[in-house]
Amino acid sequence: MSAQTLYDKLWSSHLVREDADGSALLYIDRHLVHEVTSPQAFDGLRLHGRKPRRIDSILAVADHNVPTTDRSGGIVDPISRLQVDTLDANCEAYGITEFRMNDPRQGIVHVIGPEQGATLPGMTVVCGDSHTSTHGAFACLAQGIGTSEVEHVLATQCLVAKKSRAMRVRVEGELGRGLSAKDIALAVIGQIGTAGGTGFAIEFAGSAVRALSMEGRMTLCNMSIEAGARAGMVAVDDTTIDYLRGRPFAPKGEMWSRAVAHWRTLVSDPQARFDREVHIEAASIEPQVTWGTSPEMVAPVSARVPDPAAISDPAKREALERALAYMGLTPGVAITELEVDKVFIGSCTNSRIEDLRAAAAVIRGRQVSARVKLALVVPGSGPVKQQAEREGLDRLFQAAGFEWREPGCSMCLAMNDDRLMPQERCASTSNRNFEGRQGAGGRTHLVSPAMAAAAAIAGHFVDIRGEL
Amino acid sequence: MQKFERLDGLVAPMDRANVDTDAIIPKQFLKAIGRTGFGAHLFDAWRFKDPGEPGMDLTRRVPNPDFVLNAPRYVGAQVLVARANFGCGSSREHAPWALLEYGFRVVLAESFADIFFNNCFKNGLLAADLPAELIDRILQGVATQVGYRLVVDLPSQSVILPSGETCGFEIEPVRKRSLLNGLDEIGVTLENVDAIGAFEVAHRASQPWLFA
Ligand code: SF4
């Protein structure tokens, strides 16, 4: 057999059938479900008198709508409450495992899957959420789907799909001090653009990727959708296996050994060919800050806000002008001069324990700047929160002036009360800087947790390489 | 799903790249548990000057006169023409639901984001990518000619410009079949239920840890 990429292996081992025109039925091993994109799918099932095919493949959690303040008394907003209640009722009706809002295991769907060992190497993973690509860090074929597809997977355990092309992004060498997976992700998007990965499944490889923890690899795969790729993935190695050992949903005993033997094969063969290769030197990556309204509008922290006058293509110039107007930015201003009103540390990109540690390390007993109105830390899950509290990070954040919240999506998309007011500028560890994403009129700058923490302390962006 | 065969429709322009699904239908409207009510909030933050919230009385909204879809000449448009990477971002199927409910049956763009593209076809919204040069010409035509219409013909996979010029577009045969027939995709997949069952048995035998 010819040499295969990891993606080839994952694809071919899940093919139920493939037609001559390339349209395929792909078997799905893990279906993660949350409250926003599932109610219409469950309704559709009922309407057609169908039932979920494999209840044991489904894990559900409410994360997008839940308040991050004290929620022992339930959700106040009646519309949010109805949506979360609907998820609870659907899970109860079909016997689906769900981490309810006040379950200690609750959290953002892309944090809890891996944390519980519900995401395992070699799986096909879907969720009605574009950041499902996160799970690819475990050598899974993980992709976001729409609500009709959620219904389709519930009813058939399959997804109608067509094979993507394969891209390999190799990041070689060592990252500089204070740099993280988030900076790699933003640098990759800056290089290939937000549509650069459209139609591709991306495998992240190279020594800098191998050196990342699972948390870092998840951050990287999480943002492959921001590069246009539905799926991102990293091959299995010791880091993957060490992370999974002993997780609640992971196999145990003899089954664990069998599983590990199989997982070791989940790497691209040395001779495997990719349709596109991208190469980045880790040492050349600086801390990244987005300045515009698309993740590709990103620059190193040492740069300045770009000048539309320097752009000849009229469509590009106009897009840039529009972005700068929305962001309230003047061309030529140094990124480090941009002052922030709010800081958000959280989201499925950067709310894991390592992210919180990286942010805490920057704070070192200092105070949030007086000009910052709100600095939020929202852990990605109950277990992350507990771990951070065991390490005393909650006290450190709170002493510095950060708020310490309950787990959920929070200000990543502002479906609950955590949001920006018009024109407020935010340093955010989330993944999207679209217009209005964090609240109508809000201005989002995407950065790493360390960069967000440093901005909270200084009141403006700073080059953390000089801080550490 | 709604069928689609042929349409002769008024065209509205969306002359910008990277129009994301957050812009198409903002998050506050995603709290709904049904499939309807999204058209009223299509492009809400761009279309209105007052902040939009679910359940608002639409007659009291403050439209943004500068937003293109609010121009009287585009009222009733059924074809939306856009630039590159249309529908990027979130997987929310509420985006095609909103476009359809607003009245669009076709979106033509230089390129689309994958998940959005897929979601369109699950709902009978035809999405087709055309060369940038052609999109350019269509957008120019729309700007200069009030009442600019396009004929979009699925069986022949072509777009017919007012000049009579006919341009082809690509579409995967499966998608074309389901659009033309308004097929229930789940029903079609379930015709393979034996193959799915057989796959499952073999899969369980080789990787039993994937099954609880
Ligand atoms: S944290 Fe943000 S990006 Fe991640 S699942 Fe929640 S809303 Fe989506």
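Residues numbered from 1 in each chain as written. Chains lettered and ligands numbered in written order. Predicted model: local features only at pLDDT ≥ 70, side-chain atom pairs only at ≥ 80, totals over all residues. Heavy atoms only, no water.

### As for the overall build of chain A
Across its full length, chain A holds 15 helices and 19 strands. Scaling as 2.2 N^0.38, a compact globule of 468 residues should have a C-alpha radius of gyration of about 23 Å, and chain A matches this with 21 Å. When its C-alpha atoms are laid out on the principal axes, chain A stretches across 55 × 55 × 45 Å. Burial analysis of chain A (468 residues in total) assigns 66% to the buried set. Summarising the internal contacts of chain A: among those between residues at least 6 apart in sequence, 76% fall at separations of at least 24. About 15,400 Å² of surface is accessible on chain A, with carbon and sulfur atoms providing 50% of the total. (Helix = DSSP H or I, 4+ residues; strand = E, 2+ residues; numbered from the N terminus. Rg over C-alpha atoms; globule rule 2.2 N^0.38 Å. Buried < 20%, exposed > 50% of the residue type's maximum accessible area, 1.4 Å probe, protein only. Contact = heavy atoms within 4.5 Å. Areas by Shrake-Rupley, 256 points an atom, 1.4 Å probe, with all protein chains shown as cover.)

### Some points on the pattern of salt bridges
Taken as a whole and assessed by the stated rule, the structure comprises 48 salt bridges over all chains. As a salt-bridge pair, K373(A) and E424(A) come within 2.9 Å of each other at their nearest N and O atoms. Separated by 51 residues along the polypeptide, K373(A) in the loop between α12 (353-363) and β16 (374-377) and E424(A) in the loop between β17 (403-404) and β18 (425-428) bring together distant segments of the chain. For D15(B), the salt bridge identified is with R83(B), shortest N-O distance 2.7 Å. Within this pair, whereas D15(B) is found in the loop between β1 (6-14) and α1 (21-24), its partner R83(B) is found in the loop between β2 (79-82) and α3 (94-102), the two being separated by 68 residues in sequence. Residue D15(B) is classed as partly exposed on the basis of its relative accessible area of 43%. (Salt bridge = Lys/Arg side-chain N within 4 Å of Asp/Glu carboxyl O.)

### Comments concerning the confidence of the model for chain B
With 100% of its residues at a pLDDT of at least 70, chain B reaches an overall mean of 96. Among the scores for the predicted complex, ipTM is 0.94 and pTM is 0.96. (pLDDT = per-residue confidence, 0-100.)

### Quick word on the nonpolar core
By size, the foremost hydrophobic cluster in this structure holds 114 residues, and its most contacted members are F402(A), F43(B), F86(B) and L99(B). Leave out the neighbours within four places in its chain, and F86(B) touches M14(B), V19(B), I24(B), L80(B), L99(B), V107(B), A109(B), S111(B), F112(B), A113(B) and F116(B). Y7(A), A181(A), I202(A) and A282(A) belong to the second largest nonpolar core, which has 79 residues in total. (Core = buried A, V, L, I, M, F, W, Y, C linked by side-chain atoms within 4.5 Å.)

### Observations concerning the side chain of N18(B)
Along the polypeptide, N18(B) turns up in the loop between β1 and α1. At 3.4 Å, the side chain of N18(B) and the side chain of T194(A) are in polar contact. Within the structure, the side chain of N18(B) is placed 2.8 Å from the side chain of N85(B), a separation counted as a polar contact. (Polar contact = N/O pair within 3.5 Å; in protein donor to acceptor, adjacent residues only side chain to side chain.)

### Focus: the sheet that holds strand β1 (residues 15-18) of chain A
Residues and elements named next belong to chain A. Read from one edge of the open sheet, 3 strands run β1-β2-β8, paired in antiparallel fashion. Edge strands, defined here as strands with exactly one partner in the open sheet, are β1 and β8 (158-162). Looking at each pair of strands side by side, their axes are set apart by 25° on average, direction ignored. Bridging between strand β2 (residues 23-27) and β8 involves 5 bridges; their strand directions are antiparallel. (Pairing = 2+ DSSP bridges. Axes fitted to C-alpha atoms, helices over the stretch in contact; angles between N-to-C directions.)

### Overview of the sheet that holds β16(A)
Residue and element names in this part refer to chain A. Strand order in the open sheet formed by 5 strands is β17-β16-β15-β18-β19, and the pairing between neighbours is parallel. Both outer strands of the open sheet, β17 and β19 (443-446), are each paired with one neighbouring strand and no more. Relative to β16, strand β15 (residues 342-345) runs parallel, the two being bridged by 4 bridges. Following the sheet pairing, I345 is matched in β16 by V377.

### Examining the site of the ligand
Around the ligand, the neighbouring residues are H64(A), H110(A), D129(A), H131(A), S347(A), C348(A), C409(A), C412(A), L413(A), N431(A) and R437(A). Classifying every residue of the shell around the ligand by side-chain character gives 4 nonpolar, 5 polar and 2 charged. (Near = heavy atom within 4 Å. Nonpolar A, V, L, I, M, F, W, Y, C, P; charged D, E, K, R; others polar.)

### Side note on the interface of chain A and chain B
On the chain B side, the residues contacting the 73 residues of chain A number 57 residues. At the boundary of chain A with chain B, total buried surface from both sides reaches about 5,200 Å², with 55% on carbon and sulfur atoms. Taken as a group, Q40(A), R53(A) and F434(A) account for 11% of the area that chain A buries against chain B, more than any other trio of residues on that side. Where chain A touches chain B, the interface holds 6 salt bridges. When the shortest N-O distance is used, the salt bridge between R35(B) and E151(A) registers 3.7 Å. Seen at the junction of chain A and chain B, the total is 31 residue pairs in polar contact (both at pLDDT 80 or more). For the side of chain A that touches chain B, the leading source of residues is helix α5 (residues 147-156) of chain A, giving 7 residues. Within the side of chain A that touches chain B, the residues separate by chemical class into 24 nonpolar, 28 polar and 21 charged. (Buried area = accessible area lost by both parts, 1.4 Å probe.)

### As for the state of the cysteines
Residue and element names in this part refer to chain B. The final tally for this structure, using the stated rule, is 0 disulfides over all chains. In this model C120 remains outside any disulfide bridge; the closest cysteine sulfur is found in C88, 13 Å from its own. With relative accessibility at 0%, the residue C120 sits in the buried group. (Disulfide = S-S within 2.5 Å.)

### Some points on helix α4 (residues 109-116) of chain A
All names here are of chain A. For α4, the buried fraction is high: 8 of the 8 residues fall into the buried class. Restricting attention to buried positions, one finds in α4 the residues V109, H110, V111, I112, G113, P114, E115 and Q116. Directly after α4, the chain includes G117, whose backbone phi takes a positive value near 75°.

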